[in-house]
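Residue-level structural notes
For reference, the chains in residue letters:
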Amino acid sequence: IFCSRLGGDERRVDSRTIYVGHRSCPANEAFIPPKFCDNRIVSSKYTVWNFLPKNLFEQFRRIANFYFLIIFLVQVIVDTPTSPVTSGLPLFFVITVTAIKQGYEDWLRHKADNEVNKYPVTVLEDGRRIRKESEKIKVGDVVEVEENETFPCDLILLQSSRDDDTCFVTTASLDGESNHKTHYTVPDTEKDLESLNATIECEQPQPDLYKFVGRMHIYKNNREPAVRSLGPENLLLKGATLKNTQKICGVAVYTGMETKMALNYQGKSQKRSAVEKSINAFLLVYLCILVSKALVCTTLKYVWQSKPGQDEPWYNEKTQREKDTNLYLKMFTDFLSFMVLFNFIIPVSMYVTVEMQKFLGSFFITWDKDFFDPEIKEGALVNTSDLNEELGQVEYIFTDKTGTLTQNNMEFIECCIDGFQYKYRDASSELDGFCVTDGPVNKLQQKAGREREELFLRALCLCHTVQVKEPTEQSQCQVDGRVDEVDGLGVDGEVLQTSEALRGFIASSPDEVALVKGAMRYGFTFLGLESKTMKILNRNNDVEMYELLHVLNFDPVRRRMSVIVRAISGDTLLFCKGADSSIFPRVRQEEVERIRMHVERNATEGYRTLCVAYKYLSAEEYAQADAGLREARLALQDREQKLMAVYNQVETGMSLIGATAVEDRLQEEAAETMEALQGAGMKVWVLTGDKMETAKSTCYACRLFQRNTELLELTVRTLEDGGRKLVPRLSLYIEIILSWSLTNQDYGFIIDGATLSMVLNSSNESNSSRYKNLFLQICQNCTAVLCCRMAPLQKAQIVKMVKNSKGCPITLSIGDGANDVSMILEAHVGIGIKGKEGRQAVRNSDYAIPKLKHLKKLLLAHGHLYYVRIAHLVQYFFYKNLCFILPQFLYQFFCGYSQQPLYDAAYLTMYNICFTSMPILAYSLLEQHICMEVLLDNATLYREIAKNAMLRWGPFLYWTLLGVFHGLLFFFGVRYLFSNPALQDNGQVFGNWSYGTIVFTVLVFTVTLKLALDTRHWTWINHFVIWGSLAFYVFFSFFWGGIIWPFLRQQRLYFVFANMLSSVSAWLVIILLILLSLLPEILLVVFRKPRGPHARQVEPKHTDTLTFPLCFTTFLPLFLDAVLHIFVVKRGWLLLFSIMYFSE
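Where an unreviewed UniProt entry is consulted, the chain appears under the name Phospholipid-transporting ATPase, with the organism given as Amphiprion ocellaris. UniProt, in the comment section headed Sequence similarities (unreviewed entry), describes the chain in these words: "Belongs to the cation transport ATPase (P-type) (TC 3.A.3) family. Type IV subfamily." The Cofactor (unreviewed entry) field of the UniProt record for the chain holds the comment "Mg(2+)".

Next comes the structure, spelled out in structure tokens:
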């Protein structure tokens, strides 16, 4: 922590000294040229020099890629049954395509960095204005920034074009707040910055946006240097934008990657989906199966050759070189050869298909017309297609508030004065002329007294930090002449002047603007602040002037703000507004009862409520407060604590006037979206930099907190009020939750940034781990969690903590500003909203949507379908390759373990590339086992696929056993056919290649028709690829075996396929084996009853050119059943004849 004293020797710990304008300090102090980083921003991952090795290293971290690299090297080095091309070419294709894709994405990041780093800025050097590139700014440079420009680095404000030495900025890209914040110049600085000789001593860079401690030494004419304290009100942050100020000048204190914005930037890491992790686990199992097969065959080969005459038969004598080869080396070589022969059980084509499915599938999100927003005329955007299936596995949602849940558009709804409700109404509505009594007031009155009304409205006009922005000429021409009226407070028939009606307000909080505009509606208009004088126009059109003496700023612990003003009459008043829990203890209790019911009713309706109080200060009271405030503001140590003590001393003994209700409008369908997501089993956490009261009201409005929800608070205020330490408070909440768990009580948890720092950043590691465990235990038992006053990096820490908790739940972060970038990058899935706060979140997100309401369909419909599709794709790939390679393994028992392939090389190469790849790709892109309308209407369906349900070991074992069953049936069914050597009409026998071709034909037809049975949503594309793949296989087999190819040394399949089909027995066995393999699946489809919403029960409302009639899902099983009936029942004589024929 930076610490300094005003006098005497001091130790500078973790501080830096900056020389303003790089001017040397006085001769009596040592001068050490400081070295700081430059102003370059780097968000890219690769450079030209490290791209190739770094990218290859990341890609070969995948088990499959590394495995196929080893297989390829083995095929190159060792004499194996198959060519190295079979493994090398697909591997090269996958690596190249992935490298190009990742290189292009990083090139875009380089391009974005260059736009920032090359942006021209103005630097003052020796009295001259010099244009430089942003990356060339150094710490100590004096930088000039004009209105609507962003600050290129962190600056200390030295000079402003405004008369009151202030400037206004918006920090939307940092903390999501689009409202104007006021910053102040350092007092007593020279107007001519060229003659300014000063040094700044401040803390080292740290990521907290709301904290800054420093001091400035100003040297004048060899006198004792003047020391001025520096705080966050003097610091202009990189990324913020200058507003309503022509220009400012500031000195750079933090640059480049040391700025607070950069320190809050979470580096982009490679995100891997849970499906990819499941694939890797399944690959390890199949790798073990592969190694086991190779070991078994190698062992049995040498056992078989140990028998006399088997090792070196008369027809295959060994060469001298083979005889001299080391036995163990030969055994190892044979083991590798078996590995290569069986390596097709782990197909590299699966990764190619998965990549294509993810890439092509992402277009369905982009093309979805429901995601199109007519306001911004944009739809959804997919930045990362690798995480499509992760959208169907989300367990925790972390959402920003401002601009995400809400529109950040405050509107004054009503107010209460002395227990009487004043509702604003439009001129078009009727007025009843009476106020609604909303408290324990027995007297029937039309409204409160005029004096109390005016006092309340003066408080609204004076107790704020709002600034007036005069209307432009263009806006003055756009007056529509509409006049608003107020129920209960008349405007005495006076119509606001045009310039007043169009007057613009800017403030650090949208609440303040809403309250000032609300006072305007009731006849009191704030005219602005000039030279510490606040002007207001009352209902009589008289201008009232008040001298602004002090502003007691809002902070999350006090939860209130005050101003001290002096009227022309000489009276000194304190006006205070704040949360009811903060104001009520500081006013008379009899006044509280008149207001409490009004405040509670507004809070339950989701409005943001503030109470308003006032106090007359005597001369002695003001003098004491003034001295205390000035002394506290000059303190460099414990400044906040000293100010807090003075604030609490002044804000006592006040009188309560009334309360206000302001509505922060929610995003369209925000409540319905949150309700659907919670119904789908997702837990929603709100992470916001906003005040707790504001965020709490939003949570109620979004239905994250219900009226019966018991709220547990863990904030600085509750810890101070309760006098408890952190652990007892956490333990108490756990006991409360557990004691009420049997009553189905819903709990909500609220924590602020300061308390969260105690949980996450405890100096003692054992305590830190204990805090985190207790904190997570509470949060996981709550229906919703609210974290307020959060710095951007704290948001990322929360996400990381939940992501790494027990069970490793899948997390999703959604936000619209640069302050959300860290948590978007940290979560498994990051969603950016194309809002009004810039596009930093969109650029760094995985997916971008125009509105929050689109998240519902993105997860419940698209996410659900993407997961089901890719899970089926993965299981199906392992199944069909086990069917493919198991007969090859069994064949070794009948060929002397000679590594003789069962299938021709063309079939080995084409099986995964051509014959079976397109049907599963089409399925994984188009399948809708449940239509989207049903998925959106039944959010609970999302729970059924949660926690990677379709890629657990149970379904994996089912598919593996199915593959083993089919593989055994294929091989031994055909072997039974070959028990009779003469299968052709001319008495000729079939050879080993005919044997393999029949097995392969049954295999291709069975796995393809198995996928057809699994298909629930048929389109013409499905028909084309399924039946087209089977037709292509037949055509290819005729074509490949019907021509003598000159480039082949040996043509194994010459006329084999044609001869095979000339045999009736071969036809019968092929058809019977296909039907026997699919019979269990056919019976399951025919007799299984549709259960609930799982059935596709939504009829098409219109003819879709892409959609085949849904009844085909039942037609296909009946068709296959009919085929089975024809061949087995009606043609029973054929079956009987075949059995008799085989027995001969």
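This is not the end of the story, as more comes after the structure.
Comments concerning the pairing of strand β23 (residues 533–537)
Looking along a regular strand, one sees the side chains alternate between the two faces of the sheet. Counting buried positions along β23 gives four out of five residues, so the element sits mostly inside the fold. Here five bridges tie strand β22 (residues 525–530) to β23, and the two strands are oriented antiparallel to one another. Paired with Thr-525 across the two strands is Leu-537, which belongs to β23. Joining the antiparallel neighbours β22 and β23 is a turn of two residues, in which Ser-531 adopts a positive phi near 50°. Examined bridge by bridge, β23 and strand β24 (residues 543–552) share five bridges and lie antiparallel to one another.

Examining the pairing of strand β10 (residues 226–230)
Sheet analysis places strand β9 (residues 214–219) next to β10, joined by five bridges and oriented antiparallel. Note that in β10 the partner of His-217 across the bridge is Val-227. Between β9 and the antiparallel strand that follows it, β10, lie six residues; Asn-221 among them carries a positive phi value of about 50°.

Points about the side chain of Thr-166
Relative to the helices and strands, Thr-166 resides in strand β6 (residues 166–171). Assessed through its relative accessible area of 5%, Thr-166 is described here as buried. Only 3.4 Å separates the side chain of Thr-166 from the side chain of Arg-162, close enough to count as a polar contact. The residues touching Thr-166, leaving out its near neighbours within four places in the chain, are Ser-160, Thr-182, His-183, Tyr-184 and Thr-245.

Overview of the side chain of Asp-846
Along the chain, Asp-846 turns up in the loop between α26 (840–844) and β35 (847–849). Of the residues examined, Asp-846 reaches a relative accessible area of 3% and is grouped as buried. A distance of 2.8 Å separates the side chain of Asp-846 from the backbone nitrogen of Gly-830, its partner in a polar contact. Leave out the neighbours within four places in its chain, and Asp-846 touches Lys-271, Leu-381, Val-382, Asn-383, Thr-384, Leu-387, His-828, Val-829 and Gly-830.

A word on the sheet that holds β10
Reading across the sheet, the four strands line up as β1-β8-β9-β10 and stay open at both edges, with antiparallel pairing between neighbours. Bordering the open sheet on either side are β1 (15–19) and β10, each of which pairs with just one other strand. When the angles between neighbouring strand axes are averaged without regard to direction, this sheet yields 20°. Relative to strand β8 (residues 197–203), β1 runs antiparallel, the two being bridged by five bridges. Counterpart to Ile-18 in the pairing with β8 is Ile-200.

Scoring rules and cut-offs
- Residues numbered from 1 in each chain as written.
- Predicted model: local features only at pLDDT ≥ 70, side-chain atom pairs only at ≥ 80, totals over all residues.
- Heavy atoms only, no water.
- UniProt positions renumbered as here; feature names shortened; annotations may be inferred.
- Buried < 20%, exposed > 50% of the residue type's maximum accessible area, 1.4 Å probe, protein only.
- Helix = DSSP H or I, 4+ residues; strand = E, 2+ residues; numbered from the N terminus.
- Pairing = 2+ DSSP bridges.
- Polar contact = N/O pair within 3.5 Å; in protein donor to acceptor, adjacent residues only side chain to side chain.
- Contact = heavy atoms within 4.5 Å.
- Axes fitted to C-alpha atoms, helices over the stretch in contact; angles between N-to-C directions.

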